[in-house]
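Topology and contacts: notes
Okay, here's what each chain looks like letter by letter:
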Amino acid sequence: MTSDNHSTNRALQKDASAWAEFTGTKYTAALRQMKDPLAQGILGGRVDARHLVDVLEEHSLIGARGGGAVLGENGVGAEPSWTFNRRSDFIELALITDMLRMFTPVAAGETPEVSSYSLKHTAERFLSPHCSYVSNGRLIWAAAALGLPIAAPSDGGPNLLIGVSEREHDYVNRMVTSGRTQPRAHHYQPAGYTHLQTALATLASGQPFEGHWVRPASTSEERPFHDWLVHQDGRDDVVGDFASDYSAAVRASDHGIAHTPDELLAILREVRPSPEAYEAGRQAIAEWMDTTPDSTPVRTERIRSSVEDVDGYGAGRGDVERYEYWCPCGDGTIIEEHDNVPGFREHDVRIDCDKCRAEWRFADGRSVHAWGLEPIAANGAR
């Protein structure tokens, strides 16, 4: 036996002893829980049972600190006190801890906003069938042991506020709650969401799961067009109204983030806005291009392509390339063609949509291969 295995076994034994004493569980049953594959930590290290017990005494908000118990099964100051089935209590707390690890903690100094009661329902649905019931108190207990920021709401009561990303929690809650509209975009999906789902499904099938997860380093993603557009929210004009609707839809995960004007057009094509909303979006793109010196013309998504071999009329064989892209409004196409026949080499790109021909033009100084579009302003200029 290696020293590492010996240390691990000693830690498991000490945890089992502490858990057995605290819950009234037989030592062998407690040790069995400590060794269960679901309790080994999927999104982090193994949960320490001794730390869990200590939290109920020492934590600054929920710790008894030598007095009467502060936290019970139903929350703060709520009856009944803890009830343990002595078969899976520790395993379930470990799973709740992993579910909480999935979320991004709020920044230092930021006030927690997610209710423990709401989180406990999300945990039940996400962790089922491994953990079909999660009490409010156990959710708070796991959050405190994990070191998440916790605060008491101003109105008191048994629920506490937990310091995890409100947007990420709303995403997960919508994904796992029957009857709720699921997110259509995934920019608020927690970093550990897929890894934890995969691990739980694998372990449920009786197979070992050996994947190791490391929380991605926090990065500041550059998205200048999105940031500019969100900043227009509050303006008293059509661009301001459009920015308000766009910002609300991003917050609700109804569509993705438009890093560029190209992506905004793709989003508009997907959601099929009113003609007025589309025009407001086009005006927003025009203003962005006018006020941003390094902005680039719009390129829409390719729909299809083809290459046709031709004889070349005696000058040798060649081919004709044809590429079709969405037009900006999504009701027509942009057609790019390259005649690669010896003696007849021609290259052309055109907008095959009456509406877009009146509202967009090809940017100057670009080859047919590198075409890009710019909005035409009401006076005919960009």
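Residues numbered from 1 in each chain as written. Predicted model: local features only at pLDDT ≥ 70, side-chain atom pairs only at ≥ 80, totals over all residues. Heavy atoms only, no water.

Oppositely charged side chains can pair when the atoms bearing their charge come close. Applying the stated criterion to the full structure yields 26 salt bridges. Residues aspartate 15 and arginine 50 are paired through a salt bridge, measuring 2.6 Å at the closest nitrogen-oxygen approach. A residue pair is termed long-range when its members are at least 10 positions apart, and aspartate 15 in helix α1 (residues 3-23) and arginine 50 in helix α3 (residues 49-58) qualify at 35 residues. Judged by relative accessible area, aspartate 15 falls into the buried class, the value being 0%. Looking at arginine 50, the relative accessible area reads 29%, which means it is partly exposed. Between arginine 282 and glutamate 279 there is a salt bridge, with the nearest N and O atoms lying 3.0 Å from each other. Of the two residues, arginine 282 and glutamate 279 are both situated in helix α12 (residues 275-291); the distance of 3 residues between them amounts to about one turn of the helix. Judged by its relative accessible area of 8%, arginine 282 falls in the buried class. Residues participating in the shared-partner salt-bridge network are Arg304, Arg322, Glu324, Glu337, Asp348 and Arg350. (Salt bridge = Lys/Arg side-chain N within 4 Å of Asp/Glu carboxyl O. Helix = DSSP H or I, 4+ residues; strand = E, 2+ residues; numbered from the N terminus. Buried < 20%, exposed > 50% of the residue type's maximum accessible area, 1.4 Å probe, protein only.)

Further remarks concern helix α10 (residues 238-251). Taking 1.5 Å per residue, 14 residues should reach 20 Å; α10 reaches 20 Å between its end C-alpha atoms and fits that length. Listed in full, the buried residues belonging to α10 are Val239, Gly240, Phe242, Ala243, Tyr246, Ser247, Ala249 and Val250. Buried residues belonging to α10 abut α9 (224-231), α11 (261-271) and α12. Trailing α10 by a residue or two, serine 253 shows a phi angle of about 60°, which is positive. (Expected span 1.5 Å × (residues − 1). Contact = heavy atoms within 4.5 Å.)

Packed helices, taken two at a time, are described by the angle their axes make and the gap between the axes. In contact at an axis separation of 11 Å, α11 and α12 are set at 175° when each is read in the N-to-C sense. On the basis of the axis angle, α11 is roughly antiparallel to α12. Of the residues in α12, those touching α11 at Pro261, Leu264, Leu265 and Leu268 are Tyr278, Gly281, Ile285 and Trp288. Across the contact of α11 with α12, the residue classes break down as 7 nonpolar, 1 polar and no charged. (Axes fitted to C-alpha atoms, helices over the stretch in contact; angles between N-to-C directions. Parallel < 35°, antiparallel > 145°, perpendicular 65-115°, else oblique. Nonpolar A, V, L, I, M, F, W, Y, C, P; charged D, E, K, R; others polar.)

In the segment running from serine 128 into proline 129, the intervening peptide bond is cis, with an omega of 10°. Summarising the element assignment, proline 129 is placed in the loop between α5 (116-127) and α6 (136-146). With phi around 50°, arginine 65 is a residue other than glycine that occupies positive phi space. Along the polypeptide, arginine 65 turns up in the loop between α3 and β1 (71-72). A positive phi angle, near 65°, is found at arginine 86, a position not held by glycine. Residue placement: arginine 86 occurs in the loop between β2 (75-76) and α4 (89-101). Judged by its relative accessible area of 40%, arginine 86 falls in the partly exposed class.

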